[in-house]
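Each chain, written out:
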Amino acid sequence: MDATSNPNRRHFLALTGLGTAGLAGCADRLDNDDSAESADPDSMPDETRTVTVLVQPDPTALREAQIAIVNDLEDGEYDDQEEAEQELAARERELIAAAIDDARAQIEAAGAVHVDTVEAEGSLLVEGDADDILDLLEAPLISAVLSESRFEMAKQREAAGETGSETDSELPDDVDDLEDDDSEHESE
């Protein structure tokens, strides 16, 4: 074959609509791809998912609670650091409960269904359309959407009496670090 026959053959195949895919035996694939793309998205079955949604406490409110408790500890409001840490843990639980309430409202607004909760971990079991569940990630206090098995593990820890809170209940060593973090976030 000479160099001039190749361009003519390519031109002929392009005109017939087969191109190189027809030569490679892929004509059936081309037909299948076209039918998949032209399928009506409304005719496709809705895909219902069951997932674990994790919430986090409002970071600003959590920092404010930490600062307030550190200041109260320095002012002698608490007998020792352990008592202050217990108070911080109680405030974190309140903030997580508020985040769960907010998440429930977001879940309902998205058209999904809240099935169950492990409050200590901020874990919610949610069922719904896959697109509706993905829309939940736009909610500020929802930190993750994970597999259903993650919720089952949280349930097992709850039944065993373990707490698996994602937040840290220890007081920072220096309250100035927290106040610096606040000023950095405010300037952004």
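Residues numbered from 1 in each chain as written. Predicted model: local features only at pLDDT ≥ 70, side-chain atom pairs only at ≥ 80, totals over all residues. Heavy atoms only, no water.

Participant: In this structure, what is going on with helix α4 (residues 59-74)? I would like to understand it.
Facilitator: The periodicity of an α-helix, 3.6 residues per turn, causes residues three or four places apart in sequence to face the same way. A rise of 1.5 Å per residue sets the reference length of α4, with its 16 residues, at 22 Å; its end C-alpha atoms lie 22 Å apart and thus fit the reference within 8%. Along α4, the residues that are buried comprise L62, R63, A65, Q66, I67, I69 and V70. At the C-terminal side of α4, G76 shows a positive phi close to 85°. (Helix = DSSP H or I, 4+ residues; strand = E, 2+ residues; numbered from the N terminus. Expected span 1.5 Å × (residues − 1). Buried < 20%, exposed > 50% of the residue type's maximum accessible area, 1.4 Å probe, protein only.)

Participant: I would appreciate a short explanation of the packing of α4 against helix α5 (residues 81-110) in the present structure.
Facilitator: Two quantities define a packed helix pair, namely the angle between the helix axes and the distance between the axes. Viewed as axis vectors pointing N to C, α4 and α5 meet at an angle of 160°, and their least axial separation amounts to 10 Å. Taken together, α4 and α5 sit at an angle that is classed as roughly antiparallel. The hand of the α4/α5 crossing is right-handed. Between α4 and α5, the residues in contact are A61, L62, A65, Q66, A68, I69 and L73 and Q81, A84, E87, L88, R91, E92 and L95, respectively. A per-class count over the contact of α4 with α5 returns 9 nonpolar, 2 polar and 3 charged. (Axes fitted to C-alpha atoms, helices over the stretch in contact; angles between N-to-C directions. Parallel < 35°, antiparallel > 145°, perpendicular 65-115°, else oblique. Left-handed = near helix turned anticlockwise from the far one by under 90°. Contact = heavy atoms within 4.5 Å. Nonpolar A, V, L, I, M, F, W, Y, C, P; charged D, E, K, R; others polar.)

Participant: Explain the pattern of salt bridges to me, please; I cannot follow it from the model alone.
Facilitator: Note that side chains of opposite charge can pair when their charged atoms are close. With the rule as written, the count across this model stands at 6 salt bridges. Close ionic contact of E47 with R49 constitutes a salt bridge, the shortest N to O distance being 2.4 Å. With relative accessibility at 42%, the residue E47 sits in the partly exposed group. Between K155 and E158 there is a salt bridge; the shortest N-O distance is 3.7 Å. Here K155 and its partner E158 are both found in helix α7 (residues 148-160), 3 residues apart, which amounts to about one turn of the helix. (Salt bridge = Lys/Arg side-chain N within 4 Å of Asp/Glu carboxyl O.)

Participant: Looking at this structure, I do not really get the confidence of the model for the protein chain. What am I missing?
Facilitator: Any residue range with low pLDDT should be treated as having predicted coordinates unsuitable for detailed reading. For the protein chain, the mean per-residue pLDDT works out to 76, and 62% of the residues sit at or above 70. Considering only residues more than four positions removed or in separate chains, one finds that residues 164-168, a stretch of pLDDT under 50, has 12 contacts. (pLDDT = per-residue confidence, 0-100.)

Participant: Explain the side chain of T52 here, please?
Facilitator: The residue T52 is located in strand β1 (residues 48-55) in this model. Residue classification places T52 among the buried positions, given a relative accessible area of 0%. Polar contacts involving the side chain of T52 include one to the main-chain carbonyl oxygen of S147, which spans 2.8 Å. Beyond its immediate stretch of four places on either side in the chain, T52 contacts S123, L124, A144, V145, L146, S147, E148, R150 and F151. (Polar contact = N/O pair within 3.5 Å; in protein donor to acceptor, adjacent residues only side chain to side chain.)

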